[in-house]
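# Descriptive structure summary
Residue strings, one per chain:
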Amino acid sequence: MATEDTFDTDRGSGGETHQHVPEKGPHDGTNHLTTNQGIHVSDNQNSLRSGERGPTLLEDFVLREKIFHFDHERIPERIVHARGSAAHGYFELFESLSDITKADLFQRAGEKTPVFTRFSTVAGGAGSVDTPRDVRGFAVKFYTKEGNWDLVGNNIPVFFIQDAIKFPDLVHAVKMEADRAFPQAGSAHDTFWDWASLMPETTHMLMWAMSDRTIPRSFRTMEGFGIHTFRLVDAKGKSTFVKFHWKPKLGLQSTVWDEALKLQAADNDYHRRDLWESIQSGNFPEWELGLQLFDQKFADAQPYDVLDATKIIPEEVIPVRIVGRMVLDRNPDNFFAETEQAAYCPANIVPGIDFTNDPLLQGRLFSYLDTQKSRLGTANFHQLPINAPKCPVMNFQRDGQMQMNVPKGRANYEPNSLNAHGEEGGPRECPVSGFATFEGRSENGEVGDKLRVRAELFADHYSQARLFWRSQQPSEQAHIASSFVFELSKVGLSQVPLRMVANLRNVDEDLAKRVAVGLGIELPKKAPAAREPIDMNPSPALSIHKNMKATLDGRTIGILIADGTDAAALSKLTKAIKGAGARTMLIAPKVGGTKLSDGKMVKADGQLAGSPSQLFDAVAVLLSDDATKILLEEGAAIQWVMDAFGHLKAIGYLAESKPLLDKAGIQPDQGVVMLDNDFVHAAAKRYWEREPKVRSLA
Ligand code: HDE
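Rules of the game
Residues numbered from 1 in each chain as written. Predicted model: local features only at pLDDT ≥ 70, side-chain atom pairs only at ≥ 80, totals over all residues. Helix = DSSP H or I, 4+ residues; strand = E, 2+ residues; numbered from the N terminus. Rg over C-alpha atoms; globule rule 2.2 N^0.38 Å. Buried ≥ 20, exposed ≤ 12 C-beta atoms within 10 Å, placed from the backbone. Contact = placed C-beta atoms within 7 Å. Pairing = 2+ DSSP bridges. Axes fitted to C-alpha atoms, helices over the stretch in contact; angles between N-to-C directions. UniProt positions renumbered as here; feature names shortened; annotations may be inferred. Near = placed C-beta within 6 Å. Nonpolar A, V, L, I, M, F, W, Y, C, P; charged D, E, K, R; others polar. Domains from an automatic or database assignment. Core = buried A, V, L, I, M, F, W, Y, C linked by C-beta atoms within 7 Å. Parallel < 35°, antiparallel > 145°, perpendicular 65-115°, else oblique. Left-handed = near helix turned anticlockwise from the far one by under 90°.

## Some thoughts on the overall build of the protein
The secondary structure content of the protein amounts to 21 helices and 18 strands. Rg of the C-alpha trace for the protein: 29 Å, near the compact-globule value of 26 Å for 698 residues, within the 12% margin. Each principal axis of the C-alpha distribution contributes one length, and for the protein these read about 90 × 80 × 55 Å. Evaluated residue by residue, the protein yields a buried proportion of 42% over its 698 residues. Contacts spanning at least 24 positions in sequence make up 72% of the contacts within the protein whose residues lie at least 6 apart.

Take a look at the structure:
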């Protein structure tokens, strides 16, 4: 509680006695602080009082307006995908696609279309962390000349469910539990696995969710997928099926689970910061847009249904045709106005793109507009700058809360004959340029009696889960089996792990056994499959570890320094790392100043205890003899190198620093190199083969 004395010193009593002297605006009428009514504010420090120490007056409209607005700053967060980060950029077309679609953005090679792209986690709230094991949203709004097209996808090409009617169940099960409101932002709990183990159609997506896809290194190193089969329609009305892919220029990169867990402590905003800083520093994140194109004949010949969102089409069967690129080159000016208020909707499409009868997609077409009305509070949210198309919007829709436009005249209905009387009659429909829904075909069960059923091939829940498992490297299979063990270990309902393992026996017996052994439970009887799985050819394109690029491009190397660090070695290393496209971060026991061997002082980018090595892609230890001796007694320093080793990263070191590595129990391997021995080359990759030495996996 403030005493009379402290109160006296802190308070401002108007005019000259202020402790804090606010910066005053110019007197020429520019840059004045105003109320929302435009009234200039004379004092932004003190409310209006009756007497120096008397009560605050209700009359103070400046205070009341400011507090009123503040009270209403928060809006409901998204029910899923609440935590996200976004950036502006452009899509550039490589070749004209006029032979397959009439969509204007796909007509002219070299043409750029502005985009706003938002990445998100799914389960956690807006204030949760960036690195839980979770699917990531990957939503792109293209502001085309013909209106907005939203490609609202994820970083995994399949989904948990086949029919939108199950979505509320999925989301209720995965989000924090209804009575206790925990755990936040993760699926490792009773209700999720209870539900998932009762829903065999989730199995394929569970394999992806338990893989390293859900612990990405950054947004910049994730793939994106439209998931559903869509249609492209050309000028003659011919339709081609399409699946959309985003391929990151830096290649796929993931973390290891222990690293992801520790990142939650080290930096809640790890991905958000990475996106922001890479754009800020001119390293613009980039993806190529790829299309898998196919026709009805192909679709009919597959052992799965292309309308089933739990299935992929392997790239080895239909190659991904690269048609353009997306570059994100500008951070938002304001997080709330842009990222938070952005409203993506799969129903936003342009002529030349169309839907299919995928029952999951069909349900999504209803959900987004509906939820956005409730989230953004008005049917006019499309007028917000971030959502507004960059082409003219003209219709007879009127009014509603927060109407920003001021339509003129009497024409708010159609047809009308106001034109005939010299008045503005308003816009008219245009059969030529207007959106015309693809007429579709009525064969193959696509139209018929009204039935609550699923098509026959949707019953195969395991073939593609098996395909995914068999497409993974042994190091990735070990991660998947271990993730199942980790997540199911957190489940208190004893029937659930048994039911889950019984399902997994349909995917792969070895996987099921490893999970059962990891959990310490008996291998349960195989669950009956609604449709017996078949063996499909593995798809090597699905492996992250196999396809990771050995590159320093876009990566960050942490360099541990302390007083006495060899100045020449530091300068040589920094130059080499920057030359290879990475950035360096100097980490030291004190941030303010470290005295190098040549007597020069350098500032560090991070303090040792607050900058653990999980923040970096590889690390280097540049300590002098003396500094090494001191840091041998420092837990944070030992942990720093120990974690880098445990997270399978390259470690470069000077001979003088070696005792620190020894104390951390590091056994030299190909990734642990003296700094002279081409550390830059070694730092471009992770050392999966080290993993069995540092942890036991299922
Ligand atoms: Fe969403 N989803 N979703 N979803 N979804 C939302 O819309 C929904 C699905 C995806 O950055 C919500 O504005 C249903 C698949 C992303 O703002 C909501 C179904 C895929 C985002 C909604 C699905 C997605 C959302 C919540 C099953 C990948 C974030 C807030 C039929 C293709 C977009 C909002 C952003 C957001 C409903 C399934 C991706 C409630 C009913 C499949 C990336 O409308």
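## A few points about the sheet that holds strand 16 (residues 618–621)
One open sheet holds the 6 strands; their spatial order is 15-12-11-16-17-18, and the pairing between them is parallel. The open sheet has two free edges, formed respectively by strand 15 (606–607) and strand 18 (672–674), since each of these has just one partner strand. By the bridge criterion, 3 bridges tie strand 16 to strand 17 (residues 651–653) in an arrangement that is parallel. Each residue of the ladder has a partner; that of V619, found in strand 17, is I651. Of the strands in this sheet, strand 11 (556–560), strand 12 (583–588) and strand 16 are in contact with helix 16 (residues 567–579), which crosses strand 12 at around 145 degrees. On top of the sheet, helix 18 (residues 635–646) reaches strand 11, strand 16 and strand 17; it is set at about 135 degrees to strand 17, its chief contact.

## What about the environment of A618?
Examined against the element boundaries, A618 turns out to sit in strand 16. Between the C-alpha atom of A618 and that of K649, which follows or precedes it by 31 residues, the distance is 5.2 Å. Here A618 is in contact with I557, K649, A650 and A683, once residues within four sequence places are set aside.

## A word on the UniProt feature "active site" (unreviewed entry) in the protein
Following the UniProt record, one finds the feature "active site" (unreviewed entry) at H81 and N154. With the annotated positions falling across 74 residues, the maximum pairwise C-alpha distance of 10.3 Å places them together in a single cluster. Among the structural elements, H81 can be located in the loop between helix 2 (61–71) and strand 1 (84–93). You can call H81 buried: it has 22 C-beta atoms within 10 Å.

## Considering the site of the ligand
Not every one of the 27 residues close to the ligand is listed here, only the nearest: R78, H81, G137, A164 and S367. At the level of secondary structure, the elements contributing two or more residues to the shell around the ligand comprise strand 2 (112–121), strand 3 (136–144), strand 4 (147–154) and helix 10 (359–376). A per-element tally of the shell around the ligand places helix 10 first, with 7 residues. For the shell around the ligand, the class distribution of residues is 14 nonpolar, 10 polar and 3 charged.

## Section: the domain arrangement of the protein
The accessible area lost on association of the parts is a frequent measure of interface size. Along its sequence, the protein is organised into domain 1 (84–159 + 198–383), domain 2 (461–546) and domain 3 (551–694). Each of domain 1 and domain 3 has a C-alpha centre, and the two are 36 Å apart. Residue contributions to the side of domain 1 that touches domain 3 peak at 5 residues, all from helix 6 (residues 257–266). Residues that form the side of domain 1 that touches domain 3 fall into these classes: 4 nonpolar, 2 polar and 5 charged.

## Digging into the pairing of strand 6 (residues 230–233)
Bridge analysis of strand 6 against strand 7 (residues 239–248) gives 4 bridges, and the strand direction is antiparallel. Along strand 7, the bridge assignment pairs V233 with S239. Between strand 6 and strand 7, which pair antiparallel and follow one another directly, the connecting turn spans 5 residues, one of which, G237, has a positive phi of 95 degrees. Note: strand 6 against strand 10 (residues 353–354), 2 bridges, orientation antiparallel. Paired with L232 across the two strands is I353, which belongs to strand 10.

## Re the nonpolar core
Counting 99 residues, the largest nonpolar core has V158, M205, M207, M326 and V515 as the members making the most contacts within it. Residues from two domains meet in this core; each of domain 1 (84–159 + 198–383) and domain 2 (461–546) gives at least three. What M207 contacts, discounting residues up to four positions off in sequence, is A465, F468, W469 and I480. Formed by 45 residues, the second largest nonpolar core is a distinct cluster that contains L552, A582, L661 and F679.

## Details of the pairing of strand 16
Burial of strand 16 is two-sided: the residues A618 and A620 facing one way and the residues V619 and V621 facing the other way are all buried. Both strand 11 and strand 16 contribute to a ladder of 4 bridges, which runs parallel. The partner of L560 across the bridge, within strand 16, is V621.

## Looking at the packing of helix 3 (residues 167–174) against helix 4 (residues 190–197)
It is the contact of helix 3 with helix 4, at a shortest axis distance of 7 Å, that shows an interaxial angle of 145 degrees. Together, D169, A173 and V174 of helix 3 and T191, F192 and W195 of helix 4 make up the contact between the two elements. Per-class residue counts for the contact of helix 3 with helix 4 are 4 nonpolar, 1 polar and 1 charged.

## With respect to the packing of helix 13 (residues 495–504) against helix 14 (residues 509–519)
Contact pair helix 13 / helix 14: the axes reach a minimum separation of 8 Å and the direction vectors enclose 160 degrees. One element, helix 13, and the other, helix 14, form an angle in the roughly antiparallel class. Crossing handedness for the pair helix 13 and helix 14: left-handed. Contact residues: P497, V501 and L504 in helix 13; L511, A512, V515, A516 and L519 in helix 14. In terms of residue class, the contact of helix 13 with helix 14 is made up of 8 nonpolar, no polar and no charged.

## What about unusual backbone geometry?
Of note, the amide linkage connecting F182 to P183 takes the cis form, showing an omega dihedral of 0 degrees. As for its placement among the helices and strands, P183 is situated in the loop between helix 3 and helix 4. Between E414 and the following residue, P415, the backbone shows a cis peptide bond with an omega angle of 5 degrees. Among the secondary structure elements, P415 is positioned in the loop between helix 10 and helix 11 (463–470). Its identity is not glycine, yet A185 carries a phi of approximately 60 degrees, on the positive side. Its place among the elements puts A185 in the loop between helix 3 and helix 4. A count of 24 C-beta atoms within 10 Å places A185 in the buried class. With phi around 60 degrees, M402 is a residue other than glycine that occupies positive phi space.

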